[in-house]
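# Examining the three-dimensional arrangement
Here is what each chain is made of, one letter per residue.
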Amino acid sequence: MAQRVAIVGAGVSGLASIKCCLEEGLKPTCFERSDDLGGLWRFTEHVEEGRASLYKSVVSNSSKEMSCYSDFPFPEDYPNYVPNAQFLEYLKMYANRFNLLECIQFKTKVCSITKCPDFTVSGRWEVVTLHEGKHESAIFDAVMVCTGFLTDPYLPLDSFPGIHAFKGQYFHSRQYKHPDIFKDKRVLVIGMGNSGTDIAVEASHLAKKVFLSTTGGAWVISRVFDSGYPWDMVFMTRFQNMLRNCLPTPIVTWLMARKMDSRFSHANYGLIPQDRTQLKEFVLNDELPGRIITGKVLIRPGIKEMKENSVLFNNSPKEEPIDIIVFATGYTFAFPFLDESVVKVEDGQASLYKYIFPAHLQKPTLAIIGLIKPLGSMIPTGETQARWAVRVLKGVSKLPPPCVMIEEVNARKENKPSWFGLCYNKALQSDYITYIDELLTYINAKPNLFSMLLTDPRLALAVFFGPCSPYQFRLTGPGKWEGARNAIMTQWDRTVKATKSRIVQESSSPFESLLKLFSFLALLVAVFLIFL
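Residue numbers run consecutively from 1 along every chain, following the written order of its sequence. Only residues with pLDDT of at least 70 are given local features in this predicted model, and only at 80 or more are side-chain atom pairs given and counted; all residues enter the totals for whole chains, interfaces and linings. Side-chain calculation: all heavy atoms of the structure are included, whereas hydrogens and water are not.

### Section: the overall build of the protein chain
Only DSSP runs of H or I covering at least 4 residues are called helices, and only runs of E covering at least 2 are called strands; the numbering of each starts at the N terminus. When helices and strands are tallied, the protein chain shows 16 helices and 26 strands. Values of the radius of gyration come from C-alpha atoms, whereas the globule rule sets the reference at 2.2 Å times the count of residues to the power 0.38. A globule of 532 residues ought to have a C-alpha radius of gyration of about 24 Å, and the protein chain, at 24 Å, matches this closely. Principal-axis analysis of the C-alpha atoms places the extent of the protein chain at approximately 75 × 65 × 45 Å. Relative accessibility thresholds used throughout: buried, under 20% of the residue-type maximum; exposed, over 50%; partly exposed, between the two (1.4 Å probe, protein chains only). For the protein chain, the proportion of its 532 residues judged to be buried stands at 51%. In what follows, residue pairs with any heavy atoms lying within 4.5 Å of each other are defined as contacts. Counting only contacts in the protein chain whose residues sit at least 6 apart along the sequence, the fraction spanning at least 24 positions is 68%. Only the protein chains shown count as cover for residues, with accessible areas throughout obtained via the Shrake-Rupley method and a probe of 1.4 Å. For the protein chain, the accessible area works out to roughly 24,600 Å², and carbon and sulfur atoms hold 54% of it. In this tally Asp and Glu are treated as negative and Lys and Arg as positive; neither His nor the chain ends contributes. Charged side chains are reduced to one point each, which is NZ for Lys, CZ for Arg, CG for Asp and CD for Glu. Treating the 59 positive side-chain charges of the protein chain as one cloud and the 53 negative ones as another, the clouds have centres 2 Å apart.

Given below as structure tokens:
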């Protein structure tokens, strides 16, 4: 059974891992190479090696009710989408609330993690660190790696003919901090993920001209969804997830396209995804359609050729003068402190069982936390991973035989469509609710909706039809939180409170009351039909 656990990184997953270890009676030591916690969410004016970098204006893409730790809601006065500075404050509140700081060694770089000579018996690891120029070595019973996947920029310059002849400025989006550099410049942003779109929109307020180049397109949605509510609180429900997974993929894809186009036609704006059968990550941006319709951002296809001071796009004979190129081309990931025999990264993925455990190790004493891209928030995903992983490290939960794990990992790598539900285009992408529920099952913490319907029908309705917020993951089992039910029942109140800063008089008619009554009765009938 593991006692001493080494944790690499004090970001959102690292903090959750420390807390989970403490809850299970283990002794965690977290190594953080920078001088403060927060990982991705700690803004600095300069890029730091080995740490994710963000720009000054970054705001969370998941709402606060959907992206908090499952037993620690955001403060009520926080906005529904949290700017990075406030997000960092929240992480510090979390660390202070659960006394996590005393477990963190700052300014300590992990140089290597290797198996001890008796690993096949003990499962122990030797961890070599560097602090203030001095190397130290220590033995740990288990290791949790929480370094994320946004530290190594992917910059495929060889894919852009003529780039070395370009005389203007070019850099990866990781280097971007403020939009001032774009003032009165002609800017090209390559890559239409969340970062690329954000940068193009920001640049359009100062630049002379902005082009956003995309080869595959993307679905662009606003943080403000139906009736003005946060997108994930409307989209991410158990009811909707069940419907999506029960329908054939072509029907789900068609319905998704109709929903995405309800705000504006992606085809008319040159944004429609080239491959609509496989779901790419949504682009969350509230301004892009408005910048396109006013001519401030121009959508273009891939690059054919770059010249000294201009760019030629595919299917276009016209050269466009360009001063600055931003490559928002994503990231690769690696674990330089681990030998390839422990974790090998190939084609943007690693052979990890349930995205956590190396499937081939003789002893399951190493866990990778946060190496996944769920269609949902990373904080509750990483936290749930850590809750299960710690119980495995402790010896309470057991993994299947290596042959079974390897078979599942290989099947996932093939990424064969199931023909039902959403089909994802990358192996690291996962169905958020399905994945979380699977991990919760392993620790006996998955909510039992049928039992809940009999004992607490009001809560059952909120859990099934309402947002699948992280509080649901603390209703039962190990780590049960007594405040979970109240947090679920009041989540909409906190959401509205954040926006309703001016009190208005609302009027209701008898017709509305009658309609609500009939809607409630129809809802009850639907619930009983589902659970029969």
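### Re the nonpolar core
Nonpolar side chains tend to gather and get buried jointly when the protein is soluble and globular. Nine residue types can take part in a nonpolar core, namely buried Ala, Val, Leu, Ile, Met, Phe, Trp, Tyr and Cys, and a core is a set of them joined through side-chain atoms within 4.5 Å. By size, the foremost hydrophobic cluster in this structure holds 147 residues, and its most contacted members are Leu15, Tyr69, Leu91, Met144, Phe182, Phe282 and Phe357. Per-element accounting of this core gives the leading share, 7 residues, to helix α9 (residues 378-394). The residues that make up this core include at least three from each of domain 1 (4-151 + 333-435) and domain 2 (155-222 + 263-330). If sequence neighbours within four positions are ignored, Leu15 has contacts with Ala10, Leu37, Tyr69, Leu91, Tyr94, Ala95, Leu100 and Ile104. Core analysis: the next-biggest nonpolar cluster, separate from the first, contains 14 residues, Phe166, Phe211, Ile322 and Ile325 among them. Source of the domain bounds: an automatic or database domain assignment.

### Overview of the sheet that holds strand β10 (residues 186-190)
Consider a sheet: its strands pair through backbone hydrogen bonds, and that pairing is either parallel or antiparallel. Two strands are said to pair when DSSP picks up at least two bridges between them. Spatially, β9-β18-β10-β11-β14 is the arrangement adopted by the 5 strands of the open sheet, whose pairing is parallel. The open sheet has two edge strands with one neighbour each: β9 (169-172) and β14 (298-300). For this sheet, the mean inter-axis angle between neighbouring strands, taken without regard to orientation, is 20°. Sheet topology places strand β11 (residues 209-213) next to β14; 3 bridges connect them, and they run parallel. Residue Leu212 lies in a different strand from β14, and its bridge partner there is Ile299. Contacting β10, β11 and β18 (324-327), helix α4 (residues 194-203) runs over the sheet at an angle of about 165° to β11. Helix axes are fitted to C-alpha atoms over the stretch in contact, other axes to C-alpha atoms as well, and angles between N-to-C directions run from 0 to 180 degrees.

### Some thoughts on the packing of aromatic side chains
Note on aromatic pairs: the rings of Phe, Tyr and Trp (six-membered ring only in Trp) are paired at centre separations within 6.5 Å, and the planes decide the class, stacked below 30 degrees, edge-to-face beyond 60, tilted for the rest. The tally for this structure, following the rule as stated, stands at 33 aromatic pairs. Residues Tyr69 and Tyr90 carry aromatic rings whose centres are separated by 6.0 Å and whose planes lie at 20° to one another, so their mutual orientation is stacked. Of this pair, Tyr69 sits in the loop between β2 (27-31) and α2 (84-97) while Tyr90 sits in helix α2, and the two are 21 residues apart along the sequence. With respect to class, Tyr69 is no different from Tyr90; both count as buried. Between the aromatic rings of Trp388 and Tyr442, the centroid separation amounts to 4.8 Å while the plane-to-plane angle is 40°, which identifies the pairing as tilted. Of the two residues, Trp388 is situated in helix α9 and Tyr442 in helix α11 (residues 432-442); the sequence distance between them amounts to 54 residues. On the basis of relative accessibility, which here comes to 29%, the residue Tyr442 falls in the partly exposed class. Site record: aromatic cluster; members linked through ring pairs are Trp41, Tyr69, Phe72, Phe74, Tyr78, Phe87, Tyr90, Tyr94 and Phe98. Only when the NZ of Lys or the CZ of Arg is both within 6 Å of the ring centre and within 35 degrees of the ring normal is a charge said to sit over the ring. For Arg4, the ring lying beneath its charged end belongs to Phe140, and the centroid distance is 4.4 Å. Taking the ring centre of Tyr355 as reference, the NZ or CZ of Arg412 above it sits at 4.1 Å.

### Describing the environment of Phe160
Inspection of the secondary structure puts Phe160 in the loop between β8 (152-153) and β9. Given the relative accessible area of 11%, Phe160 is considered buried. Separated by 171 residues in sequence, Phe160 and Tyr331 have C-alpha atoms that sit 17 Å apart. Those residues within four positions of Phe160 in sequence are excluded, and the remaining contacts are Ile190, Ile303, Met306 and Phe327.

### As for α4
The buried fraction of α4 amounts to 9 of the 10 residues, a majority that puts the element mostly inside the structure. Listing the buried residues of α4 in full gives Asn194, Gly196, Thr197, Asp198, Ile199, Ala200, Val201, Glu202 and Ala203. For α4, the elements touching its buried residues are β10, β11, β13 (283-284), α8 (288-293) and β18.

### A word on the pattern of salt bridges
The working definition used for a salt bridge is a side-chain nitrogen of Lys or Arg within 4 Å of a carboxyl oxygen of Asp or Glu. Tallied over the entire structure, the rule returns 24 salt bridges. Here Arg186 makes a salt bridge to Asp323, at a shortest N to O gap of 3.2 Å. In this pair, Arg186 is assigned in strand β10 and Asp323 in the loop between β17 (319-321) and β18, connecting sequence segments 137 residues apart. With a closest N to O distance of 3.0 Å, Glu383 and Arg474 form a salt bridge. One end of the pair, Glu383, is in helix α9; the other, Arg474, is in the loop between α13 (457-465) and α14 (484-489), and 91 residues separate them in sequence. Residue classification places Glu383 among the buried residues on the basis of a relative accessible area of 2%.

### Here we look at the domain arrangement of the protein chain
Domain annotation for the protein chain reports domain 1 (4-151 + 333-435) and domain 2 (155-222 + 263-330). Between domain 1 and domain 2, the C-alpha centre-to-centre distance is 31 Å. Across the contact, 25 residues belong to domain 1 and 16 residues belong to domain 2. A quick way to say it: buried area is the sum, across both parts, of accessible area lost when two parts are put together, with a 1.4 Å probe. Contact between domain 1 and domain 2 buries roughly 1,600 Å² in total, counting both sides, with carbon and sulfur atoms accounting for 47%. Across the contact surface, domain 1 and domain 2 share 0 salt bridges. Here a polar contact means two N or O atoms within 3.5 Å. Within protein one must be a hydrogen donor candidate and the other an acceptor candidate, and residues neighboring in sequence count only if both atoms are side-chain atoms. Here domain 1 and domain 2 share 10 residue pairs in polar contact (both at pLDDT 80 or more) between them.

### Here's the deal with the packing of α9 against α11
Closest axis-to-axis distance for the α9/α11 pair is 9 Å, and the angle between their directions is 20°. For the element pair α9 / α11, the angle class is roughly parallel. Judged by the twist between their axes, the crossing of α9 over α11 is left-handed. Where α9 approaches α11, its residues Pro380, Thr381, Thr384, Gln385, Arg387 and Trp388 are matched on the opposing element by Tyr432, Tyr435, Ile436, Leu439, Leu440 and Tyr442. Lys, Arg, Asp and Glu make up the charged group, whereas Ala, Val, Leu, Ile, Met, Phe, Trp, Tyr, Cys and Pro make up the nonpolar group; the residues left over, Gly among them, are polar. Taken together, the residues of the contact of α9 with α11 sort by class into 8 nonpolar, 3 polar and 1 charged. Any angle between 65 and 115 degrees counts as roughly perpendicular, while under 35 counts as roughly parallel, over 145 as roughly antiparallel, and the rest as oblique. Crossings are assigned a handedness: left-handed for a near helix turned anticlockwise from the far helix by less than a right angle, right-handed for a clockwise turn.

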